[in-house]
Amino acid sequence: MRRPTATISLLSFLMVLALGVAAPRVVAEPEAAAGEGRELFVARCSVCHSIDYIEMHARFGTRTLWEASVTKMRNAFKAPITDDEARQLVDYLQRNYGPTRAQRTTASSSMSNTSVAPGLTAGGEPRSP
Amino acid sequence: MTLNRRDVTTRLLAGMAWTGFAGAAAGLPRKLLAATQQGLAAGREVLVALPGKVALRRLTERPPNFETPLEYFRSVLTPNEAFFVRYHHAVIPEIAAEDFRLEIGGPAAERSLSLSLADLRRDFPATEIVAVCQCSGNRRGLFEPPVAGLQWGHGAMGNARWRGVRLADLLKRAGLKSSAVEISFDAADAPPLEGTPDFIKSLPLVKALHPDTLIAYEMNGAPLPVPNGFPLRVVVPGWTATYWLKHVNRISALDASEKNFWMTSAYRMPRQLFPLVERFPGQETAERAPVTEIAVNSLITSMERDGTLRAGRSALSGIAWDAGRGIDRVELSFDRGASWRRCELGEDLGPYSFRIWRSNWPTLAGDLHEVWARAANKAGQSQVETPIANPSGYQHNAYHRVRVEAQS
């Protein structure tokens, strides 16, 4: 729908900046991984969506996937990201949300490693032939 | 899934979490913001109860995307409080029923209408239909190799009895010019950024005027829950949920095809991959076609809470559905597809509904490792053994295959 004004965008952007960086523990949204690039990531990406969008792709989060994702966010969804920022974001995503990290997470969890996907029957379901 | 109960923790999560900061800034309903959330976290599985909802599997917090756990598919109608939630954009405004207006017009309409909810109920005949609402990307998370996008399991769908008015009746009141080719829908939700394409979808005239296509104000005898579209949503029986806009507040008759991102780039597939009967010719190109009708599919629902299926432990049953041709048969295989046994079908609530099926556990020689389920419809369409790979991971309708645990 046509929204009243740009005020909403600016306000939400500022609130994300203010709260996203030092989010209180009671907030359900997962937090971005610590490390170089995190502040830019929170500023540019959290405006529109929570971090779980990123986490769910970590098991196959190659550099190619993250480049395609950032490109889509810029071109299709008009995220205000410069070329230089895009490179920094892809670096951050690759460092923190790649398959290596996902495998570590899986190995340390109690989830069956036969899962082909998170989901209600994931572990009970064999892989496609 | 093997769920280790020692690792299950209960978390109390304070409000503001639902659609997060952007939603808060844009005036999310206060009762949603103030609500306390209860979450169950087990490994990477997070179950969260949105206000007015039971705990659903959370894919993303903002915008909110939550899928329905398996147990709710054991009944033919999916309870409203367990119905899946899917949003593209994080700004979800509070809508007061008494102030709400549905605007109908557009370049190919003879006149413009502005209708209150009371007008809709008073001036147009009410009609009901049972229909499956299923996300185009349901089961995307099961594709191998993986496909980017929301990693849905089986629960991005639900079946409900929808009550509302026929879209055709509204369009008749507005009057369609002979130049009309599509009907488009816009809704009250919006992206946080001004430049992000608003979620607008269109239907071809033939589907918009179909007597089963509704603007619904109730599901399962109650007003639509907020996250399922209060106060109005489009109901397009047989077609995937991308066309079922929630919070719909503007209907436009168009004299040219809608060309926004959500029609020309998103929700499209290679043209010849799927045997679509109902198509959207005005939106097809030489290579690609919009996702339209729901592929014939089935689901085994006898797994226990932890996801395991134990032979003989409980009834073997599930659901099957398609785009409205009607389920002809559901078959099970206990020998990895070498032979198939036909199931008994339950009550028929109409061609667009889930159909319950049941089977006894057979007595088999040798070890039982897997149960496979497949459905076919009355038009001869059947589920596929291997999911049909496509760039966006739509229309996963491979046989449902569940590993059987040893008796314990």
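Residues numbered from 1 in each chain as written. Chains lettered and ligands numbered in written order. Predicted model: local features only at pLDDT ≥ 70, side-chain atom pairs only at ≥ 80, totals over all residues.

### Quick look at the overall build of chain B
Now for step 1: Scanning chain B for helices and strands turns up six helices and 27 strands.
Now for step 2: Split into buried and exposed, the 408 residues of chain B put 53% on the buried side.
Now for step 3: Partitioning the intrachain contacts of chain B with sequence separation of at least 6 by distance along the chain shows that 66% fall at a separation of at least 24. (Helix = DSSP H or I, 4+ residues; strand = E, 2+ residues; numbered from the N terminus. Buried ≥ 20, exposed ≤ 12 C-beta atoms within 10 Å, placed from the backbone. Contact = placed C-beta atoms within 7 Å.)

### Here's the deal with the overall build of chain A
Now for step 1: Along its length, chain A carries six helices and zero strands.
Now for step 2: When the elements of chain A are put in sequence order from the N terminus, they spell out α-α-α-α-α-α.
Now for step 3: Each of the 129 residues in chain A was classed as buried or not, and the buried ones make up 39%.
Now for step 4: A separation of at least 24 residues holds for 57% of the contacts in chain A among residues at least 6 apart in sequence.

### A word on the sheet that holds strand β20 (residues 309–310) of chain B
Residues and elements named next belong to chain B.
Now for step 1: The strand order across the open sheet formed by five strands is β20-β27-β26-β22-β23, and the pairing between neighbours is mixed. This sheet does not close on itself; its edge strands, each paired only once, are β20 and β23 (341–342).
Now for step 2: Summarising the sheet, strand β22 (residues 327–333) and strand β26 (residues 370–377) pair through six bridges and their orientation is antiparallel. Bridged to E331 within β26 is R374. (Pairing = 2+ DSSP bridges.)

### A closer look at the environment of R139 of chain B
All names here are of chain B.
Now for step 1: Along the chain, R139 turns up in the loop between β9 (126–134) and β10 (157–166).
Now for step 2: Residue classification places R139 among the buried residues on the basis of 27 C-beta atoms within 10 Å.
Now for step 3: Between the alpha carbons of R139 and Y394 there is a distance of 8.1 Å; along the sequence they are 255 residues apart.
Now for step 4: Contacts of R139, omitting those with residues within four sequence positions, involve W152, G153, H154 and H396.

### A few points about the domain arrangement of chain B
Residues and elements named next belong to chain B.
Now for step 1: Structurally, chain B comprises domain 1 (5–77), domain 2 (97–290) and domain 3 (297–405).
Now for step 2: Listed as interface residues are 16 residues of domain 1 and, on the opposing side, 16 residues of domain 2.
Now for step 3: When residues of the side of domain 1 that touches domain 2 are traced back to their parent elements, those giving at least two are β4 (55–60) and β5 (65–67).
Now for step 4: When its residues are assigned to classes, the side of domain 1 that touches domain 2 shows ten nonpolar, three polar and three charged. (Domains from an automatic or database assignment. Nonpolar A, V, L, I, M, F, W, Y, C, P; charged D, E, K, R; others polar.)

### Side note on helix α4 (residues 63–75) of chain A
Residues and elements named next belong to chain A.
Now for step 1: Helix length check: α4 (13 residues) gives 18 Å between terminal C-alpha atoms against 18 Å at 1.5 Å per residue, within 8%.
Now for step 2: Taken residue by residue, α4 has L65, W66, V70 and M73 as its buried positions. The arc enclosing the buried residues of α4, seen along the axis, measures out at 130°, which places them on a common side. Opposite the buried face of α4, by more than 90 degrees, sit the exposed residues T64 and N75.
Now for step 3: The inward-facing, buried residues of α4 contact α5 (83–96). (Expected span 1.5 Å × (residues − 1). Arc of directions from axis to C-beta.)

### Quick look at helix α4 (residues 167–174) of chain B
Residue and element names in this part refer to chain B.
Now for step 1: What α4 keeps buried is the set L167, L170 and L171. Projected onto a plane normal to the axis of α4, the buried residues spread over an arc of 95° and lie on a single side.
Now for step 2: Turning to α4, the residues buried within the fold contact β7 (102–105), β10, β11 (182–187), α5 (205–208), β13 (214–219) and β16 (248–254).

### Description of the nonpolar core
All names here are of chain B.
Now for step 1: Core analysis: the biggest nonpolar cluster contains 114 residues, and I215, A216 and V234 have the highest contact counts within it.
Now for step 2: Considering each element in turn, this core owes the most residues, five residues, to β13.
Now for step 3: Apart from residues no more than four positions distant in its own chain, I215 is found in contact with G164, V165, L167, L170, L232, V234 and V248. (Core = buried A, V, L, I, M, F, W, Y, C linked by C-beta atoms within 7 Å.)

### What about the sheet that holds β16 of chain B?
Residue and element names in this part refer to chain B.
Now for step 1: Pairing in this open sheet of five strands is mixed, and the strands run β8-β7-β16-β11-β12 from one edge to the other. One side of each edge strand has no neighbouring strand; the edge strands of this open sheet are β8 (113–115) and β12 (201–204). Taken pair by pair, the neighbouring strands of this sheet meet at an average axis angle of 15°, ignoring direction.
Now for step 2: Relative to β12, β11 is paired through four bridges, and the arrangement is antiparallel. Counted as the bridge partner of F185 is K201 from β12. (Axes fitted to C-alpha atoms, helices over the stretch in contact; angles between N-to-C directions.)

### Regarding the confidence of the model for chain A
All names here are of chain A.
Now for step 1: Averaged over chain A, the pLDDT score is 70; the fraction of residues at 70 or greater is 55%.
Now for step 2: With pLDDT under 50 throughout, residues 2–27 is counted as low confidence; its partners more than four residues away or in other chains account for 37 contacts.
Now for step 3: For residues 106–129, every residue scores under 50 in pLDDT, and the model assigns this stretch 73 contacts once sequence neighbours within four places are set aside. (pLDDT = per-residue confidence, 0-100.)

### A closer look at the pairing of strand β25 (residues 355–359) of chain B
Residue and element names in this part refer to chain B.
Now for step 1: Among the five residues of β25, four are classified as buried, and the element is accordingly described as predominantly covered.
Now for step 2: Bridging between strand β21 (residues 316–321) and β25 involves five bridges; their strand directions are antiparallel. Looking across to β25, one finds that S317 is bridged to R358.
Now for step 3: Two strands pair when backbone bridges link them, and strand β24 (residues 344–345) and β25 are joined in this way by two bridges, in the antiparallel orientation.

### Some points on the confidence of the model for chain B
Residue and element names in this part refer to chain B.
Now for step 1: Residue-level pLDDT values for chain B average 88, and 88% of them are 70 or greater.
Now for step 2: Averaged pLDDT values for the elements of chain B fall to 24 in strand β1 (residues 9–13) and rise to 99 in strand β15 (residues 233–235).
Now for step 3: Note that pLDDT drops below 50 for residues 1–43; the model gives that stretch 115 contacts with residues more than four away or on any other chain.
Now for step 4: Reported for the predicted complex are a pTM of 0.84 and an ipTM of 0.85.

### Thoughts on the packing of helix α2 (residues 38–45) of chain A against α5 of chain A
All names here are of chain A.
Now for step 1: α5 packs onto α2 with a crossing angle of 110° between their chain directions and a minimal axis gap of 9 Å. Judged on the interaxial angle alone, α5 and α2 are roughly perpendicular. The way α2 lies across α5 gives a crossing that is left-handed. Listed contacts from α5 to R38, L40, F41 and R44 of α2 are E85, Q88, L89 and Y92.
Now for step 2: Its residues assigned to classes, the contact of α2 with α5 comprises four nonpolar, one polar and three charged. (Parallel < 35°, antiparallel > 145°, perpendicular 65-115°, else oblique. Left-handed = near helix turned anticlockwise from the far one by under 90°.)

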